[in-house]
Amino acid sequence: MIEIVATGAHTTVQDLGRVGYAAWGVAQGGAADRAGLQLANRLVGNAQDAAAFEVLLGGLVIRFVTAGLVAVTGAPSPTLVDGTPLGRLDGPQWMPAGSTLTLTTPAEQLRSYVAVRGGLATERVLGSRSVDESSGIGRAVRHGDMIAVGSATVGPPIVDQAPRRAWPAGPATLHGTLGPRDDWFTGAALADLVTRPYIVQPAADRVGVRLAGAPLERTVEQELLSEPTLRGAVEVPADGMPIVFAADHPTTCGYPVVAVLDQPSADLVSQCRPGQPVEFRLRRPEIRLTTGLDRLVGKR
Amino acid sequence: MNIRSYGTDALLVELSTAAEAGAVRARLDEQPPVGMIETMPGLRTVLVRFDPRAVDAPRLARDLAAVEIAPQCEDGAPRGGEPTSVRVVYSGPDLDDVAAHAGLSADEVVTAHQRPTYRVALIGMAPGFYFLAGGDSRLQPPRRRSPRQDVPRGAVGLAGAFTGIYPKRGPGGWQLVGHVLDELWHPTRLPAALLTPGAAVKLTTA
């Protein structure tokens, strides 16, 4: 059992989200940095989709009513056990009964993941424990919340310390695929997209990461009929400023999507602070075809 | 149909009508091709998510191209049954802009907006966000240039050929003409949506 002593700026329970409810308008959701959550789970011997705490900008203080194993990944929050600095992250840490874990504010990145061996056993809604405030599913943790620990283990923890990649000194590189609506934009816009830096704006959250930079000019003026969309999609509203969809994205979007980020880059952008420059590296799409043309040719 | 890569793990299938898109999506859900994870509906499109370890994009694209397009209903026709009445207060901040775009007075916009019987075309963009099709062809303003970050719950908006109803407070780019009085979306109960895709809807002045 885990007791919430202090909540930090914003802490929610997340797993890898819920698949199959798009027709209701409910997005997959789940951890904003999926690799961060999965690593924390692996380090304590959990199933990779076990539920853990997602902590925005530190401040979470939890008490282990019963003893347990914990790992902290993602944003490097200096962490204390009963007031003693831990000295390292990205590894399993034994917490005796009654002990307290404190995450202070990280100097870089945004979100830390705190996995407890067994996983957090909160109520599942539509198949997942992920909190999705934009859908009205669940809520952020509050002071005094008591959260049960489950049994979502897959084996003993076998890694003592995972390596940590250094945060980029300059712009963060976001890899992805052009399209599906890259043909709605001018050649100059597409060139700008991959050559000029874009800056993460303060209005970034779990729904989307807003960017500012060279406005992306469209060639097509008509409205786009709303299309389904995914985490990592880069939509461009009429003002030309791209927005990268995050975990709690809307399931459909009426603005053209110029590119879709790879999963690791969608994870990376969710850790970028306001002011962080990003640069896009986009490959051509693998599939772009129209069916039915072969039948027309056959008739001639 | 058009089939385009949507990142590395999904393909976007584009059809000619909403009915075709619905039929293709239903067929894929009944008989999923190898490697398919789920389908997601759009107004004329279907997004097919797949596991790249189970199937490669060209193979899946071939499987999708082979799906028979057999729409069961006329595009735009509501299903049978009495239309559900939804009460609207027409006091939205963009009502005058919509009137100017249509070349009508605000009162004429309200009258024109209430005349048709709408069909629920889609629940998307947000949980419980209703897309209503079948509106007056004069009332088709573009989206706002930059979306609002804070549209109130129950707001009624127009964008292109659709009327939308916002289920909760949140961001939105549609032109707001009013708000509904009835609660159409309950996130914690199933079915959460009072209106289902295909249902007929009449909008009335509160």
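Just above, that's the structure.
Note that the coordinates shown come from a computational prediction; the quantities given were computed from them, not determined experimentally.

This next bit is on the overall build of chain B. A tally of helices and strands in chain B yields 4 helices and 13 strands. A globule of 206 residues ought to have a C-alpha radius of gyration of about 17 Å, and chain B, at 18 Å, matches this closely. Taking the principal axes of the C-alpha coordinates as reference, chain B spans close to 55 × 40 × 35 Å. Split into buried and exposed, the 206 residues of chain B put 54% on the buried side. For chain B, contacts bridging at least 24 residues in sequence account for 60% of all contacts bridging at least 6. Of the roughly 8900 Å² of accessible surface on chain B, 48% is carried by carbon and sulfur atoms. Charge separation in chain B, taken as the distance between the mean sites of 22 positive and 22 negative side-chain charges, equals 3 Å.

What follows is about a nonpolar patch on the surface. Residue and element names in this part refer to chain A. There is a patch of nonpolar side chains on the surface, built from M1, V65 and M146 and spanning about 230 Å² of accessible area. Mapped onto the fold, M146 is located in strand β11 (residues 146–147). Accessibility expressed as a relative area gives 47% for M146, which makes it partly exposed.

Okay, the pattern of salt bridges next. One pass over the structure, following the stated rule, counts 26 salt bridges over all chains. The partner of B:R87 in a salt bridge is B:D182, with the nearest N and O atoms 2.8 Å apart. With a gap of 95 residues between them, B:R87 in strand β5 (residues 84–89) and B:D182 in the loop between β12 (175–180) and β13 (200–205) connect regions that are remote in the sequence. The network of salt bridges with shared partners includes A:E54, A:R111, A:R206 and A:D248.

The subject of this paragraph is the nonpolar core. All names here are of chain B. Counting 29 residues, the largest nonpolar core has Y130, L132, V201 and L203 as its most contacted members. Those elements that place two or more of their residues in this core are β5, α3 (95–102), α4 (106–114), β6 (118–123), β7 (130–133), β9 (155–159), β12 and β13. Ranked by residues supplied to this core, first place goes to α3 with 4 residues. Among all residues touching L203, those that are not within four sequence positions of it are V86, V88, Y90, H113, Q114, Y118 and L132.

Looking now at the packing of aromatic side chains. Applying the stated criterion across every chain, the model contains 6 aromatic pairs over all chains. Measuring from ring centre to ring centre gives 5.4 Å for B:F131 and B:W174, while their planes differ by 75°; the resulting arrangement is edge-to-face. Of this pair, B:F131 sits in strand β7 while B:W174 sits in the loop between β11 (170–172) and β12; the two residues are 43 residues apart in sequence, bridging distant segments of the chain. The class for B:F131 is buried, based on a relative accessible area of 0%. Classification of B:W174 by relative accessible area gives buried; the value is 1%. Stacked on the ring of A:Y255, the Lys or Arg B:R143 has its end atom at 5.5 Å from the ring centre.

On to the environment of B:V110. All names here are of chain B. Its location among the elements puts V110 in helix α4. Here V110 falls in the buried class, since its relative accessible area comes to 15%. Apart from the residues within four sequence positions on either side, V110 is in contact with Y90, L95 and T205.

Turning next to the packing of α3(B) against α4(B). Residues and elements named next belong to chain B. At a minimum axis distance of 9 Å, the contact between α3 and α4 shows a crossing angle of 85°. When the interaxial angle is binned, α3 and α4 end up roughly perpendicular. Across the interface between the two elements, L95, D96, V98 and A99 of α3 pack against A106, V109 and V110 of α4. Residue classes in the contact of α3 with α4 are distributed as 6 nonpolar, no polar and 1 charged.

All right, on to helix α2 (residues 57–65) of chain B then. Residues of α2(B) that are buried: B:A57, B:L60, B:A61 and B:L64. For α2(B), the angular spread of the buried residues around the axis is 105°, confining them to a single face. On its buried side, α2(B) packs onto β21 (288–290) of chain A together with β1 (2–5), β2 (10–14), α1 (18–30) and β4 (45–50) of chain B. Looking at where α2(B) begins, the residue whose side-chain oxygen comes 2.9 Å from the main-chain nitrogen of B:R59 is B:D56.

Thresholds, definitions, all that
- Residues numbered from 1 in each chain as written.
- Chains lettered and ligands numbered in written order.
- Predicted model: local features only at pLDDT ≥ 70, side-chain atom pairs only at ≥ 80, totals over all residues.
- Heavy atoms only, no water.
- Helix = DSSP H or I, 4+ residues; strand = E, 2+ residues; numbered from the N terminus.
- Rg over C-alpha atoms; globule rule 2.2 N^0.38 Å.
- Buried < 20%, exposed > 50% of the residue type's maximum accessible area, 1.4 Å probe, protein only.
- Contact = heavy atoms within 4.5 Å.
- Areas by Shrake-Rupley, 256 points an atom, 1.4 Å probe, with all protein chains shown as cover.
- Lys, Arg positive; Asp, Glu negative; His and termini not counted.
- Charge placed at Lys NZ, Arg CZ, Asp CG, Glu CD.
- Patch = residues over 30% accessible without salt bridge, like charges linked within 9 Å, V, L, I, M, F, W, Y side chains within 5 Å.
- Salt bridge = Lys/Arg side-chain N within 4 Å of Asp/Glu carboxyl O.
- Core = buried A, V, L, I, M, F, W, Y, C linked by side-chain atoms within 4.5 Å.
- Phe/Tyr/Trp six-rings, centres within 6.5 Å; stacked < 30°, edge-to-face > 60°.
- Lys NZ or Arg CZ within 6 Å of the ring centre and 35° of its normal.
- Axes fitted to C-alpha atoms, helices over the stretch in contact; angles between N-to-C directions.
- Parallel < 35°, antiparallel > 145°, perpendicular 65-115°, else oblique.
- Nonpolar A, V, L, I, M, F, W, Y, C, P; charged D, E, K, R; others polar.
- Arc of directions from axis to C-beta.
- Polar contact = N/O pair within 3.5 Å; in protein donor to acceptor, adjacent residues only side chain to side chain.

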